[in-house]
Amino acid sequence: VPGEGTVMLSWEPSTETDIAGYNLYRRGEGETAPKKMNAALIANTTYTDKDVLPGVKYTYYVTAVDNAVPPNESAPSNLAEVKVPPVTVP
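Please read all numbers here as calculations on a predicted model, not as lab measurements. (Residues numbered from 1 in each chain as written. Predicted model: local features only at pLDDT ≥ 70, side-chain atom pairs only at ≥ 80, totals over all residues. Heavy atoms only, no water.)

A. How the structure looks around the pattern of salt bridges. Counted by the stated rule, this structure contains two salt bridges. For Asp49, the salt bridge goes to Arg26, with nearest N and O atoms at 2.8 Å. You can see Asp49 sitting in strand 5 (residues 46–49) and its partner Arg26 sitting in strand 3 (residues 19–28), a full 23 residues away along the chain. On the accessibility criterion, Asp49 (1% relative accessible area) is buried. A relative accessible area of 7% means that Arg26 is categorised as buried. The partner of Glu81 in a salt bridge is Lys57, with the nearest N and O atoms 3.8 Å apart. Taken together, the positions of Glu81 in strand 7 (residues 80–83) and Lys57 in strand 6 (residues 57–66) put the pair 24 residues apart, joining distant regions of the chain. Owing to a relative accessible area of 53%, Glu81 belongs among the exposed residues under this scheme. Taking the relative accessible area as the measure of exposure, Lys57 reaches 35% and is therefore partly exposed. (Salt bridge = Lys/Arg side-chain N within 4 Å of Asp/Glu carboxyl O. Helix = DSSP H or I, 4+ residues; strand = E, 2+ residues; numbered from the N terminus. Buried < 20%, exposed > 50% of the residue type's maximum accessible area, 1.4 Å probe, protein only.)

Set out below in structure tokens:
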């Protein structure tokens, strides 16, 4: 859900029983490779990206990470494309 200066993301939880958390990846318009947005695993199924620019389209996907040693990371989810609205001046 795009907003002024933010993108709020949510996804369905993994059905696996050994999930440690999620990684979120983002690619901005004109960027060639996605960037992992989180330093530590995301424990829930929501994330608010506050580092977005107005008028720019971003592509996001999530992966699930399990409790194995070393951990396994799932294939990427479906892509979500969001365009941040331009700043409105009253």
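From this point, the discussion proceeds with the structure in view.
B. Spotlight on the side chain of Thr59. Within the secondary structure layout, Thr59 lies in strand 6. Overall, Thr59 belongs to the buried group, its relative accessible area being 8%. Filtering out sequence-adjacent residues up to four positions away, Thr59 remains in contact with Tyr25, Arg26, Arg27, Leu79, Ala80 and Glu81. (Contact = heavy atoms within 4.5 Å.)

C. Quick peek at the nonpolar core. The biggest cluster of nonpolar side chains holds 15 residues, and the ones touching the most others in it are Val7, Leu9, Trp11, Leu24, Val52, Tyr58 and Tyr60. Secondary structure elements with two or more residues in this core: strand 2 (6–10), strand 3 and strand 6. Element by element, the count of residues in this core is highest for strand 6, at four residues. Setting aside its immediate chain neighbours within four residues, Trp11 contacts Tyr22, Ile42, Asn44, Thr45, Thr46, Tyr47 and Val62. (Core = buried A, V, L, I, M, F, W, Y, C linked by side-chain atoms within 4.5 Å.)

D. The environment of Ala39, seen in detail. Residue placement: Ala39 occurs in the loop between strand 4 (35–36) and strand 5. For the pair formed by Ala39 and Thr88, sequence separation is 49 residues and the distance between their alpha carbons is 32 Å.

E. Spotlight on the sheet that holds strand 5. The strand order across the open sheet formed by three strands is 1-2-5, and the pairing between neighbours is antiparallel. The open sheet has two free edges, formed respectively by strand 1 (2–3) and strand 5, since each of these has just one partner strand. For strand 1 and strand 2, the ladder comprises two bridges, and the chain directions are antiparallel. Bridge pairing in strand 2 links Pro2 to Val7. (Pairing = 2+ DSSP bridges.)

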